[in-house]
Each structure stands twice: as C-alpha cells, then as structure tokens.
Amino acid sequence: EILSLVMRVYCEDQLIDNLHRYVPSAIQDATKCKEDLQGETPTPSTYRKSSFEKLITFLVGELKENDYVIQGPALKPLQSLFNKMFIRRGQTCVSVIGDMTRATLLVKDEEDLRGVVTKIEDAFPDINGGKFQGPNKIGMVKFLEEVAEMKKVPGSEIILYRFKANSSQNDADSPLLY
C-alpha cells in the first residue's frame with residue numbers, strides 16, 4: 001500500500017509540470033469509485049478469476065463438486081474498504097491489499113475440510129499459524145527478498161503468505177473455520 005502511494009505521488013509530481021493537460025489520477029479514478037459506491041461493483045478481471053480458479057483447484061483436489069461450494073471471487077466494495085480503514089475498532093493502521101478480491105470455499109463436512117487443511121500444511125509448512133512480517137517490521141528489501149523466495153500454488157503465481165484458524169473460534173465446539 002505504501003509502495004502504491006509513493007508511486008502515485010511520484011507520477012503525479014512528474015505530470016504536474018505539464019499543467020495545461022494535468023488531471024490528478026485520483027480524479028480520473030473518481031468515476032470508477034462513484035459507480036462502486038452506487039452498487040455497480042465490477043467483477044474481477046479475467047486474470048484474477050483465473051488465479052482464483054487455480055487456487056480452488058489446488059485446494060479441493062480430490063473432492064467431488066457437490067462436496068464444496070465456492071462463493072466468489074468478488075471485488076470487495078469500496079464502502080467496505082473505507083469502513084475497514086476508518087471505522088474498524090479504533091485501529092490506527094490496516095492492510096487492505098488482501099481484501100481487494102475475496103472468495104469463500106465452503107466444504108460440506110469436517111473430514112473434507114481437514115483434508116484441505118492438511119494439503120495446505122503439507123505444501124506450505126512455513127505459513128501455518130505464522131505471523132507474516134510486512135515491510136514495516138523487517139524493511140522493504142528483506143520483505144521483497146522473502147516474498148520472492150516463497151513457494152507458489154502449483155500452476156499459478158499465487159503466493160500464500162498466511163494460514164491460520166479463524167480468530168473468532170474461541171471454543172472447541174465451534175466449527176472448523178480457516
């Protein structure tokens with residue numbers, strides 16, 4: 001997010017010298033944001049949909065189609081991102097990168113879900129339960145080096161960086177959620 005902001009400021013600065021044709025990119029983005037706020041959220045790009053399909057194919061593996069349901073992928077509404085950034089429980093910092101596009105995999109029985117969990121744990125042992133260290137903790141160079149070395153979901157460019165049980169699961173009687 002910081003990199004995106006810095007790049008935008010840099011590009012805006014380079015364009016501002018040509019004032020007779022200059023329109024801030026934020027104003028150029030306003031139409032898209034207005035449409036989103038009016039409930040006309042666009043669907044994810046073909047590339048993004050394809051990436052999610054590859055991830056789902058990896059996750060469900062041997063499951064039959066009627067053993068699971070996919071909700072999404074869908075772009076998170078702009079209003080929801082504003083809510084997260086400015087209203088959420090008094091937080092002073094948030095990360096919205098992981099929230100831009102969402103999908104939910106619902107597995108019908110616990111045994112199949114445990115199979116999906118085991119598949120992820122076996123393929124990506126370094127991310128299970130670990131706390132992903134962002135550039136603000138370890139520096140941008142080290143962060144980029146670590147990301148470049150991370151394993152990808154087979155057949156895709158997707159990097160899984162964190163895998164953990166849902167933090168709202170407070171007791172043993174709760175259903176298994178990841």
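Refer to the structure printed above.
This write-up is about the structure you can find in this document. Everything numeric here is computed off the predicted structure, so don't read it as measured data. (Residues numbered from 1 in each chain as written. Predicted model: local features only at pLDDT ≥ 70, side-chain atom pairs only at ≥ 80, totals over all residues. Heavy atoms only, no water.)

## A few points about the nonpolar core
Then, in step 1: Residues Phe124, Val153 and Leu160 are the most contacted members of the largest nonpolar core, which totals 20 residues.
Then, in step 2: Of all the secondary-structure elements, those providing two or more residues to this core are helix H4 (46-60) and helix H6 (110-123). (Core = buried A, V, L, I, M, F, W, Y, C linked by side-chain atoms within 4.5 Å. Buried < 20%, exposed > 50% of the residue type's maximum accessible area, 1.4 Å probe, protein only. Helix = DSSP H or I, 4+ residues; strand = E, 2+ residues; numbered from the N terminus.)

## A few points about the environment of Ala74
Then, in step 1: With respect to the helices, strands and loops of the structure, Ala74 is situated in strand S1 (residues 68-75).
Then, in step 2: Residue Ala74 is classed as partly exposed on the basis of its relative accessible area of 38%.
Then, in step 3: Ignoring any residue separated from it by four or fewer positions in sequence, one finds Ala74 in contact with Pro44, Met100, Thr101 and Arg102. (Contact = heavy atoms within 4.5 Å.)

## Section: the pattern of salt bridges
Then, in step 1: Tallying each qualifying case throughout the model produces 3 salt bridges.
Then, in step 2: The partner of Glu146 in a salt bridge is Lys142, and the shortest N-O contact between them spans 3.1 Å. On the criterion of helical spacing, the pair formed by Glu146 and Lys142 is a turn pair, its members being 4 residues apart in helix H8 (residues 140-149).
Then, in step 3: Among the residues examined, Glu146 registers a relative accessible area of 36% and is labelled partly exposed.
Then, in step 4: One salt bridge in this structure joins Lys152 and Glu157, with 2.7 Å as the shortest N-O distance.
Then, in step 5: Residue Lys152 is classed as partly exposed on the basis of its relative accessible area of 36%. (Salt bridge = Lys/Arg side-chain N within 4 Å of Asp/Glu carboxyl O.)

## Let's talk about the packing of aromatic side chains
Then, in step 1: Tallying each qualifying case throughout the model produces 1 aromatic pair.
Then, in step 2: Residues Phe58 and Phe124 carry aromatic rings whose centres are separated by 6.0 Å and whose planes lie at 80° to one another, so their mutual orientation is edge-to-face. Pair noted here: Phe58 is in helix H4 and Phe124 is in the loop between H6 and helix H7 (135-138), with a separation of 66 residues, a long-range link.
Then, in step 3: Across the ring face of Phe58, the terminal group of Lys119 is positioned such that the distance to the ring centre comes to 5.1 Å. (Phe/Tyr/Trp six-rings, centres within 6.5 Å; stacked < 30°, edge-to-face > 60°. Lys NZ or Arg CZ within 6 Å of the ring centre and 35° of its normal.)

## Examining unusual backbone geometry
Then, in step 1: Going from Gly72 to Pro73, the amide bond is cis rather than trans, its omega being 5°.
Then, in step 2: The topology assignment puts Pro73 in strand S1.

## Quick look at H4
Then, in step 1: The first and last C-alpha atoms of H4 sit 21 Å apart over 15 residues, in line with the 21 Å expected at 1.5 Å per residue.
Then, in step 2: Among the residues of H4, those classed as buried are Ser51, Phe52, Leu55, Ile56, Phe58, Leu59 and Val60.
Then, in step 3: At the C-terminal side of H4, Gly61 shows a positive phi close to 40°. (Expected span 1.5 Å × (residues − 1).)

## Section: the side chain of Asp112
Then, in step 1: With respect to the secondary-structure elements, Asp112 resides in helix H6.
Then, in step 2: Buried within the structure, Asp112 lacks any salt-bridge partner; its nearest side chain of opposite charge belongs to Lys64, at an N-O separation of 8.0 Å. (Lys, Arg positive; Asp, Glu negative; His and termini not counted.)

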